[in-house]
Amino acid sequence: MAIGRKAVTWYEGDWFDGNTPIIGSTDHAAWLGSLVFDGARQFDGVRPDLDLHCQRLIDSAETMGLIPPVDAETVQGLIEEGCRRFGTDEALYLRPMMWAKEGGPGVVEIDPESTGFAICIETFPMPPVGQYALTVSPFRRPRQDMALTTAKAASLYANNGRIIAEARRRGFANALSLDVYGNVAETASTNVFMVRDGEILTPVPNGMFLNGLTRQRIIKLLAADGIVVNETTLTVDDFRDAGEIFVTGNIGKVVPVTRFEDRDLNVGRTAMRVREAYWDYSHSLAAD
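Residues numbered from 1 in each chain as written. Predicted model: local features only at pLDDT ≥ 70, side-chain atom pairs only at ≥ 80, totals over all residues. Heavy atoms only, no water.

Participant: Describe the environment of Ala-153, with residues and values.
Facilitator: Note that Ala-153 resides in the loop between strand E7 (133-140) and helix H4 (157-169). With 119 residues separating them along the chain, Ala-153 and Ser-34 place their C-alpha atoms 7.6 Å apart. Those residues in contact with Ala-153 that lie beyond four places of it in its chain are Leu-35, Val-36, Phe-37 and Met-64. (Helix = DSSP H or I, 4+ residues; strand = E, 2+ residues; numbered from the N terminus. Contact = heavy atoms within 4.5 Å.)

Participant: I'd like a description of the pairing of strand E6 (residues 115-123), backed by residues and values.
Facilitator: Of all the nine residues making up E6, nine are buried; the element is thus mostly covered by neighbouring parts of the structure. Sheet topology places strand E1 (residues 7-11) next to E6; five bridges connect them, and they run antiparallel. Bridge pairing links Val-8 to Ile-121 in E6. (Buried < 20%, exposed > 50% of the residue type's maximum accessible area, 1.4 Å probe, protein only. Pairing = 2+ DSSP bridges.)

Participant: Pulling in residues and values, what's your account of helix H5 (residues 213-224)?
Facilitator: Between its first and last C-alpha, H5 extends 17 Å over twelve residues, near the 16 Å set by a 1.5 Å rise per residue. Restricting attention to buried positions, one finds in H5 the residues Leu-213, Thr-214, Arg-215, Arg-217, Ile-218, Ile-219, Leu-221 and Leu-222. Among the residues trailing H5, Gly-226 stands out with phi positive, at a value near 80°. (Expected span 1.5 Å × (residues − 1).)

Participant: Explain the sheet that holds strand E16 (residues 263-264) residue by residue, including any values.
Facilitator: Strand pairing in a sheet relies on backbone hydrogen bonds, with the paired strands running either antiparallel or parallel. Ordered by their spatial adjacency, five strands build an open sheet running E9-E8-E7-E15-E16, and the pairing between neighbours is mixed. The sheet is open, and its two borders are formed by strand E9 (184-187) and E16, each paired with just one other strand. Strand direction decides the pairing type here: E7 and strand E8 (residues 174-178), joined by four bridges, are parallel. Following the sheet pairing, Arg-140 is matched in E8 by Leu-178.

Participant: Tell me about the packing of aromatic side chains, and please be specific about residues and values.
Facilitator: Under the counting rule described, the total for this entry stands at eight aromatic pairs. Summarising the aromatic geometry, the rings of Tyr-11 and Trp-99 are spaced 6.1 Å apart at their centres and angled 25° between planes, so their arrangement reads as stacked. Taken together, the positions of Tyr-11 in strand E1 and Trp-99 in strand E5 (residues 92-100) put the pair 88 residues apart, joining distant regions of the chain. One exposure class covers both Tyr-11 and Trp-99, and it is buried. The structure contains a cluster of three or more aromatic residues connected by ring pairs, namely Phe-43, Tyr-278, Trp-279 and Tyr-281. Between Arg-162 and the ring centre of Phe-139, over which it is positioned, the NZ or CZ distance is 3.9 Å. The lysine or arginine in question, Arg-275, covers the ring of Trp-279, its NZ or CZ lying 4.4 Å from the ring centre. (Phe/Tyr/Trp six-rings, centres within 6.5 Å; stacked < 30°, edge-to-face > 60°. Lys NZ or Arg CZ within 6 Å of the ring centre and 35° of its normal.)

Participant: Please provide a residue-by-residue account of the pairing of E8, values included.
Facilitator: In terms of burial, E8 is a largely internal element, five of the five residues being buried. Every second residue of E8 is oriented toward a common face, with Asn-174, Leu-176 and Leu-178 on one face and Ala-175 and Ser-177 on the other, all of them buried. Taken together, E7, H4 and E8 form a β-α-β motif whose crossover is right-handed. Across three bridges, the pairing between E8 and E9 is antiparallel. By the bridge assignment for E9, Ser-177 is matched with Glu-186. The antiparallel hairpin formed by E8 and E9 contains five residues in its connecting segment, where Gly-182 sits at a positive phi of about 90°. (Right-handed = clockwise from strand over helix to strand, strands pointing away.)

Participant: So what's going on with the side chain of Thr-214? Which residues, and what values?
Facilitator: With respect to the helices, strands and loops of the structure, Thr-214 is situated in helix H5. When its relative accessible area of 5% is taken as the criterion, Thr-214 is described as buried. With residues near it in sequence (within four places) discarded, Thr-214 still touches Thr-248, Gly-249, Asn-250, Lys-253 and Tyr-278.

Participant: Tell me what's going on with the pattern of salt bridges, and back it up with residues and numbers.
Facilitator: For the coordinates displayed, the defined rule picks out 13 salt bridges. Here Arg-143 and Asp-145 are joined by a salt bridge, their closest N and O atoms 2.8 Å apart. By relative accessible area, which is 25% here, Arg-143 ends up partly exposed. The class of Asp-145 is exposed, set by a relative accessible area of 58%. A salt bridge links Asp-237 to Arg-240; the nearest nitrogen and oxygen atoms lie 2.8 Å apart. Of this pair, Asp-237 and Arg-240 both sit in helix H6 (residues 236-240), three residues apart, which is roughly one turn of that helix. Taking the relative accessible area as the measure of exposure, Arg-240 reaches 40% and is therefore partly exposed. Within this structure, Asp-237, Arg-240 and Glu-261 form a network of salt bridges that share partners. (Salt bridge = Lys/Arg side-chain N within 4 Å of Asp/Glu carboxyl O.)

And the structure:
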């Protein structure tokens, strides 16, 4: 599935153009879902926190039980090499992946030493600030004793996909998903923040959703500006009372929510301040 008009893939020592086949029909990942990945971005000629994304790929692979065939520094170097195949003004989605090729003696087990590795880089424009409607999903997130919730595992995204599909059938862009206790975890594809009475709040990581790298960066940037983000347990009712809601993630980085359920929301000053702070941070990297 190509998401951009142009893609290149690194696999087994070479770069290939287009939608390159990398997984065989008998590979463990093809039928038992043992693939992990990460997603980073290039925009305006910068690639913020690429080193952290590459390290998270390694961490996810090890959580899956794989033995990474390369280290994070090698992954980063290859991604930077691949980005040079595009113009610096291209907005890119950067996706390194690892997966099990062989199974173990129990069929569903993986052979840790059979790990495959590839990098796909695709053109993908940064979404502008616009209409972004959010609802609440009927589907919940698993606990860490139910799934590999601390890894960016492809197998988790079937649930995420049905969350978005169900929300879009009802006219929304995305949906808050709840944890097994009924508290807000995140959306199907982003972390989420809210503003109430001037205070910024976000669900506290509890092992049932990914503590996103963009989320972490935003919290650090705000702290450097003297603004504390309250990481706490939040309910749907908390979001119904919010003055602002915004989401953070790799695709759009910081996106204000303009409608929650049946209530319209303004693109708030806090969300735009956070977005500007992230862009300032990202552009500062070009001078390093």
